[in-house]
Amino acid sequence: MATVPMMHALLVAGILFALGVTGLLVRRNILFILMSLEVMLNAAGLAFVAAGARWGQTDGQVVFIFILSMAAAEVAVGLALVIQIYHRFKSFDADRASEMKG
């Protein structure tokens, strides 16, 4: 069975992480910010799985399961915040949300 070289998997993970950081810094829409965070978490998970596969260990897959569960919790909390921000400001713009006061 042919396997993907570790360098290629890490290169794809690095590109995905860079795209996530770029989306996080450039976009002002809260939904795009959450999607960029998800891309960054998946890139980190891909790097862990590639490293685990390289050394024949399942540690990378276990860490990826933890990353997926953390991403699910982040999505649940993030979408609840997005709904509250949209109800209050009628916009998904992050700059409008900075006006929120306790």
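That block above? That's the structure.
Procedures and definitions
Residues numbered from 1 in each chain as written. Predicted model: local features only at pLDDT ≥ 70, side-chain atom pairs only at ≥ 80, totals over all residues. Heavy atoms only, no water. Helix = DSSP H or I, 4+ residues; strand = E, 2+ residues; numbered from the N terminus. Polar contact = N/O pair within 3.5 Å; in protein donor to acceptor, adjacent residues only side chain to side chain. Expected span 1.5 Å × (residues − 1). Buried < 20%, exposed > 50% of the residue type's maximum accessible area, 1.4 Å probe, protein only. Contact = heavy atoms within 4.5 Å. Phe/Tyr/Trp six-rings, centres within 6.5 Å; stacked < 30°, edge-to-face > 60°. Axes fitted to C-alpha atoms, helices over the stretch in contact; angles between N-to-C directions. Parallel < 35°, antiparallel > 145°, perpendicular 65-115°, else oblique. Left-handed = near helix turned anticlockwise from the far one by under 90°. Nonpolar A, V, L, I, M, F, W, Y, C, P; charged D, E, K, R; others polar. Core = buried A, V, L, I, M, F, W, Y, C linked by side-chain atoms within 4.5 Å.

### So, the environment of Phe-66
And then number 1: Position of Phe-66 relative to the elements: it lies in helix 3 (residues 59-89).
And then number 2: Taking C-alpha positions, Phe-66 is 13 Å from Leu-46, a pair spaced 20 residues apart along the chain.

### Section: the side chain of Ser-91
And then number 1: Residue placement: Ser-91 occurs in the loop between helix 3 and helix 4 (94-97).
And then number 2: From its side chain, Ser-91 meets the backbone nitrogen of Asp-93 in a polar contact 3.1 Å long.

### Points about helix 3
And then number 1: In a regular helix each residue adds 1.5 Å, so 31 residues correspond to 45 Å; helix 3 covers 44 Å between its end C-alpha atoms and thus fits that length.
And then number 2: Buried within helix 3 we find Gly-60, Ile-67, Ala-71, Glu-74, Gly-78, Val-82, Ile-85 and Phe-89.
And then number 3: In the core, the buried residues of helix 3 are packed alongside helix 2 (30-54) and helix 4.
And then number 4: One or two steps after helix 3, the chain reaches Lys-90, where phi turns positive at roughly 55°.

### Looking at the packing of aromatic side chains
And then number 1: Per the counting criterion, the structure on display carries one aromatic pair.
And then number 2: Between Tyr-86 and Phe-92, the ring centres sit 4.9 Å apart and the planes meet at 25°, which makes this aromatic pair stacked.

### As for the packing of helix 1 (residues 6-26) against helix 2
And then number 1: The interhelical angle for the contact between helix 1 and helix 2, taken along N-to-C directions, is 165°, at an axis separation of 8 Å. Of the possible angle classes, the one that applies to helix 1 and helix 2 is roughly antiparallel. For the crossing formed where helix 1 meets helix 2, the hand is left-handed. The residues of helix 2 that touch helix 1, namely those facing Met-6, Ala-9, Leu-10, Val-12, Ala-13, Leu-16, Phe-17, Gly-20, Val-21, Gly-23 and Leu-24, are Ile-33, Ser-36, Leu-37, Val-39, Met-40, Ala-43, Leu-46, Ala-47, Ala-50, Ala-51 and Arg-54.
And then number 2: Taken together, the residues of the contact of helix 1 with helix 2 break down into 18 nonpolar, three polar and one charged.

### Thoughts on the nonpolar core
And then number 1: With eight residues, the main nonpolar core is built from Ile-30, Ile-33, Leu-34, Val-82, Ile-85, Phe-89, Ala-94 and Ala-97.
And then number 2: Of all the secondary structure elements, the ones that give two or more residues to this core are helix 2, helix 3 and helix 4.

### Focus: the environment of Leu-79
And then number 1: Counting through the fold element by element, Leu-79 comes out in helix 3.
And then number 2: For Leu-79, a relative accessible area of 39% translates into the label partly exposed.
And then number 3: Once the C-alpha coordinates of Leu-79 and Ile-30 are considered, the two residues, 49 residues apart in sequence, prove to be 9.3 Å apart.
And then number 4: The residues touching Leu-79, leaving out its near neighbours within four places in the chain, are Leu-31 and Leu-34.

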